[in-house]
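Examination of the molecular architecture
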Amino acid sequence: MAIFLILAPYGAFTFLMLVTSATISVFVASAICLATVAIDVMRGRSVKILAMGSALLFAAIGLHLVLFNPALGTLGVKLSVDIGIFVISLGSMLVRRPFTLQYALESVPAEIAAMPGFHYANYVITGAWTAAALLMAAANLVLLYVPGLPLWSSLAVAFAARNSAIYFTKWYPEYRQIKYGAPASALPHTR
């Protein structure tokens, strides 16, 4: 359920970009991000860097489209989102709060969160998501400058990058358990 809530704004954005305007797509994605923030707050959880950062990112892109550049193309909007997510993800690591750490701390007992390697593992997982965002941005950038490439090539890269990051997020805790003997619940599992 957690991974669904985390990825829902981006899935909605991607789908809506295929069927409606970029402006509507980013504002709906921003609203969904704000809804996930509200759900966390109602459940007594912290406001997540990724959710709030994404809400602000989508809203800023939407305002830019409305106020300054309504002619920005679909690829430009997708590239802006991918670069923004990359910056949020990388920035969370640079300020020493990898965005996955917030989710992990809320899903494991305190004694597991205190284990050596717990923070490092979250840096690694956040790094995988950062790399996925960078790959998606690169695919859109290539598509922008090589217009003869089919649209599905960028979608295929995005699909592969996102699914690889999801798989890695599930696999890495199990790997650490085998390698270091940590309990299976030492890192967050996406269900």
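Below: a short report on this structure. (Residues numbered from 1 in each chain as written. Predicted model: local features only at pLDDT ≥ 70, side-chain atom pairs only at ≥ 80, totals over all residues. Heavy atoms only, no water.)

**What about the overall build of the protein chain?**
- Counting its secondary structure elements, the protein chain contains eight helices and zero strands.
- Helices and strands in the protein chain line up, N terminus first, as α-α-α-α-α-α-α-α.
- The C-alpha radius of gyration computed for the protein chain amounts to 17 Å, which stays within 12% of the reference 16 Å derived for 191 residues, consistent with globular compactness.
- By principal-axis analysis of the C-alpha atoms, the protein chain measures approximately 55 × 35 × 30 Å.
- Among the 191 residues that make up the protein chain, the fraction classed as buried is 43%.
- By sequence separation, contacts in the protein chain at least 24 residues apart represent 67% of the contacts at least 6 residues apart.
- For the protein chain, the exposed surface amounts to about 10000 Å²; the carbon and sulfur share of it is 73%.
- If you average the places of the 11 positive and of the 5 negative side-chain charges in the protein chain, the two averages end up 3 Å apart. (Helix = DSSP H or I, 4+ residues; strand = E, 2+ residues; numbered from the N terminus. Rg over C-alpha atoms; globule rule 2.2 N^0.38 Å. Buried < 20%, exposed > 50% of the residue type's maximum accessible area, 1.4 Å probe, protein only. Contact = heavy atoms within 4.5 Å. Areas by Shrake-Rupley, 256 points an atom, 1.4 Å probe, with all protein chains shown as cover. Lys, Arg positive; Asp, Glu negative; His and termini not counted. Charge placed at Lys NZ, Arg CZ, Asp CG, Glu CD.)

**Some words on the pattern of salt bridges**
- Applying the stated rule across the entire model yields two salt bridges.
- Among the salt bridges present, the one from K48 reaches D40, with a minimum N-O distance of 3.2 Å.
- What makes K48 buried here is its relative accessible area of 1%.
- We classify D40 as buried; its relative accessible area is 11%.
- Across the pair E106 and K48 runs a salt bridge whose closest N-O atoms are separated by 2.7 Å. Pair noted here: E106 is in the loop between α5 (99-105) and α6 (110-113) and K48 is in the loop between α2 (22-42) and α3 (49-67), with a separation of 58 residues, a long-range link.
- Given the relative accessible area of 31%, E106 is considered partly exposed.
- Taken together, the salt bridges that share partners define one network made up of D40, K48 and E106. (Salt bridge = Lys/Arg side-chain N within 4 Å of Asp/Glu carboxyl O.)

**Considering the environment of A71**
- Looking at where A71 falls in the secondary structure, it is placed in the loop between α3 and α4 (74-94).
- Between the C-alpha atom of A71 and that of F4, which follows or precedes it by 67 residues, the distance is 32 Å.

**Considerations on α3**
- Over its 19 residues, α3 runs 26 Å from end to end, which matches the ideal 27 Å to within 8%, given 1.5 Å per residue.
- Turning to α3, its buried residues number three or more, namely L50, A51, G53, S54, A55, L57, F58, I61, G62 and L65.
- Where α3 is buried, its residues meet α1 (2-19), α2, α4 and α5. (Expected span 1.5 Å × (residues − 1).)

**Here's the deal with the environment of A121**
- Looking at the element boundaries, A121 is found in helix α7 (residues 118-145).
- For A121, a relative accessible area of 0% gives the class buried.
- When the C-alpha positions of A121 and P98 are compared, they lie 9.9 Å apart, and in sequence the two are 23 residues distant.

**What about unusual backbone geometry?**
- You will see that R96, though not glycine, has its phi angle at about 65 degrees, which is positive.
- For R96, the position within the fold is in the loop between α4 and α5.
- By relative accessible area, which is 65% here, R96 ends up exposed.

**Observations regarding the packing of α1 against α4**
- Two elements in contact, α1 and α4, have axes separated by 11 Å at closest approach and are oriented at 170 degrees. Here α4 runs roughly antiparallel to α1, going by the angle between their axes. For the pair α1 and α4, contact is made by Y10, F13 and M17 and by T74, V77, K78, V81 and I85, respectively.
- By residue class, the composition of the contact of α1 with α4 is six nonpolar, one polar and one charged. (Axes fitted to C-alpha atoms, helices over the stretch in contact; angles between N-to-C directions. Parallel < 35°, antiparallel > 145°, perpendicular 65-115°, else oblique. Nonpolar A, V, L, I, M, F, W, Y, C, P; charged D, E, K, R; others polar.)

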